[in-house]
Amino acid sequence: MSDQGSRAEVSITASEAEQIRQVLGDLDYDPAGSSAYIGELRRRVYSGFPERLVRLLEVIKSSNSAAYAYLVVDNLPIDSGVRGSPQFGETGRQFKDGVLSENLLAALGAAIGEPYSISHEGLELVNNLTPHKHTRNDYTGLGSEVELDFHIENAAQAFMPEGDTSPLALLLLGLRAAPEGEGRGPFTRVADARLALARLSDEDLEALYGRNFIIRVPYRWRGATPTPRDNTDLSPVLSGPLELPRVTVAFYPDMVLPVNQRARTALENFHREVRAVSEAIDIKPGRLVFVNNRFALHSRDSFVPSFDSNDRAYRWVQRIMVTTNLWNFRSFGKRQERVFDPFLLPRASEPVRSRNADARQPALSEQA
Ligand SMILES: [Fe+2]
């Protein structure tokens with residue numbers, strides 16, 4: 001394992017990979033994320049996972065300055081027989097020989113915090129990120145031909161009145177990549193915001209800490225209940241101590257609106273330094289990336305996707321989102337136990353201040 005303060009690289013040995021495969025291989029994946037399933041995953045992680053991985057999971061959860069911005073874990077076991085990739089609404093199981101990758105992501109997520117999904121991002125606990133031809137210009141995990149510039153996932157949701165529903169962390173696991181000669185997939189870039197902030201002037205930092213910004217919610221969240229709004233009130237994009245900051249920013253177009261020229265300049269300088277300190281990662285099969293969504297930004301390059309002879313995308317990355325606890329999601333409806341839908345009210349009988357939620361709910365085909 002190599003460790004450079006803000007990041008770490010871990011290489012899983014063949015015997016550790018076999019150990020993980022043994023521990024999770026016979027477990028059914030529950031795409032709803034039932035409490036029985038999550039509880040069973042936790043038992044198996046703590047009783048059967050390699051000791052150094054369990055220790056690392058505890059370090060991830062610490063709040064000291066050794067906390068990692070991101071981790072890259074290589075040589076994890078994934079399912080054999082990958083023979084395609086799912087589109088939105090399809091499950092991954094039919095394109096490979098098992099559900100080890102889903103169990104692995106859910107297990108790691110359950111050890112770090114509370115894994116969950118948002119239904120317009122994925123209808124199962126574990127999301128499948130594959131490029132779709134009809135969404136190639138989308139600023140989402142299903143897009144391809146536009147660069148998804150550096151962002152904190154769901155930054156605006158940190159300030160929503162119902163509570164903070166921005167994820168604590170993201171886990172990304174590679175399952176499939178284009179063969180040589182077909183054009184490699186895009187790089188995912190990750191940046192430790194602390195390194196970028198260290199390169200800014202006091203004046204810039206002061207502007208970033210101030211309530212000088214309106215942060216817009218991601219496109220697919222706009223109009224969500226129970227408090228429909230498309231942006232925050234005036235908010236900071238930086239809070240907390242510089243050695244462990246909370247960053248709430250997205251640098252793709254029109255996501256953060258600065259209130260004046262001083263704030264605009266600070267935001268531009270921050271963006272420039274985030275790019276300068278970032279690292280490019282190829283999420284190849286068996287490689288997992290942990291992103292600390294408090295102070296690590298991520299991006300995905302634009303790319304021209306390639307498809308196999310069945311028109312299935314070669315690029316297939318699975319993702320799970322993790323939150324500290326599920327309390328703040330109580331304002332959202334549920335499609336399944338841990339698959340939340342912010343366009344649905346929790347229950348018709350609850351006194352939520354919202355009118356006619358059904359009318360605002362777009363068809364799934366529009367969301368994808
Ligand atoms: Fe993202």
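On a predicted model such as this, the values are computed, not experimentally measured, just so you know.

Conventions and cut-offs
- Residues numbered from 1 in each chain as written.
- Predicted model: local features only at pLDDT ≥ 70, side-chain atom pairs only at ≥ 80, totals over all residues.
- Heavy atoms only, no water.
- Pairing = 2+ DSSP bridges.
- Helix = DSSP H or I, 4+ residues; strand = E, 2+ residues; numbered from the N terminus.
- Axes fitted to C-alpha atoms, helices over the stretch in contact; angles between N-to-C directions.
- Donors = N, O, S within 2.8 Å, 3.2 Å for Na, K, Ca; no water.
- Buried < 20%, exposed > 50% of the residue type's maximum accessible area, 1.4 Å probe, protein only.
- UniProt positions renumbered as here; feature names shortened; annotations may be inferred.
- Contact = heavy atoms within 4.5 Å.
- Phe/Tyr/Trp six-rings, centres within 6.5 Å; stacked < 30°, edge-to-face > 60°.
- Lys NZ or Arg CZ within 6 Å of the ring centre and 35° of its normal.
- Parallel < 35°, antiparallel > 145°, perpendicular 65-115°, else oblique.
- Nonpolar A, V, L, I, M, F, W, Y, C, P; charged D, E, K, R; others polar.

Draft legend 1. Layout of the sheet that holds strand β15 (residues 296-300). Strand order in this open sheet of 4 strands is β6-β15-β8-β13, and the pairing throughout is antiparallel. Of all strands in the sheet, those bounded by a partner on one side alone are β6 (148-151) and β13 (279-281). On average, adjacent strands in this sheet sit at an angle of 20 degrees to one another, irrespective of strand direction. Two elements, strand β8 (residues 188-192) and β15, share 5 bridges in a ladder whose sense is antiparallel. In the strand pairing of β15, Thr188 is matched with Arg300.

Draft legend 2. Examining the coordination of the iron ion more closely. Taken together, His151 (NE2), Glu153 (OE) and His298 (NE2) make up the protein donors of the iron ion, found 2.1 to 2.2 Å from the metal. Here the donor residues of the iron ion are spaced in sequence according to H-x1-E-x144-H. In this pair, His151 sits in strand β6 while His298 sits in strand β15, placing the two residues 147 residues apart along the sequence. Among the residues examined, His151 registers a relative accessible area of 5% and is labelled buried. Residue class for His298 comes out buried when judged on its relative accessible area of 8%.

Draft legend 3. Representation of the UniProt feature "binding site: Fe cation" (unreviewed entry) in the chain in the model. Mapped onto the present numbering, the UniProt feature "binding site: Fe cation" (unreviewed entry) falls at His298. The contacts of His298, once residues within four sequence positions are left out, are Asp149, Phe150, His151, Glu153, Leu170, Arg189, Val190, Val291 and Asn293.

Draft legend 4. Region of interest: the packing of aromatic side chains. Applying the stated criterion across every chain, the model contains 7 aromatic pairs. Between Tyr29 and Tyr37, the ring centres sit 6.1 Å apart and the planes meet at 70 degrees, which makes this aromatic pair edge-to-face. As far as burial versus exposure is concerned, Tyr29 and Tyr37 are alike and both buried. Through pairs of rings, three or more aromatic residues link up here, namely Tyr116, Trp221, Phe329, Phe332 and Phe340. Above the ring of Phe307, the side-chain terminus of Lys133 is found at 4.6 Å from the ring centroid.

Draft legend 5. Representation of the packing of helix α1 (residues 14-24) against helix α4 (residues 100-112). At a minimum axis separation of 10 Å, α1 and α4 run at an interaxial angle of 95 degrees. Classified by the angle between their axes, α1 and α4 sit roughly perpendicular to one another. Contact residues: Ile20, Arg21 and Leu24 in α1; Leu100, Asn103, Leu104 and Ala107 in α4. Of the residues contributing to the contact of α1 with α4, the split by class is 5 nonpolar, 1 polar and 1 charged.

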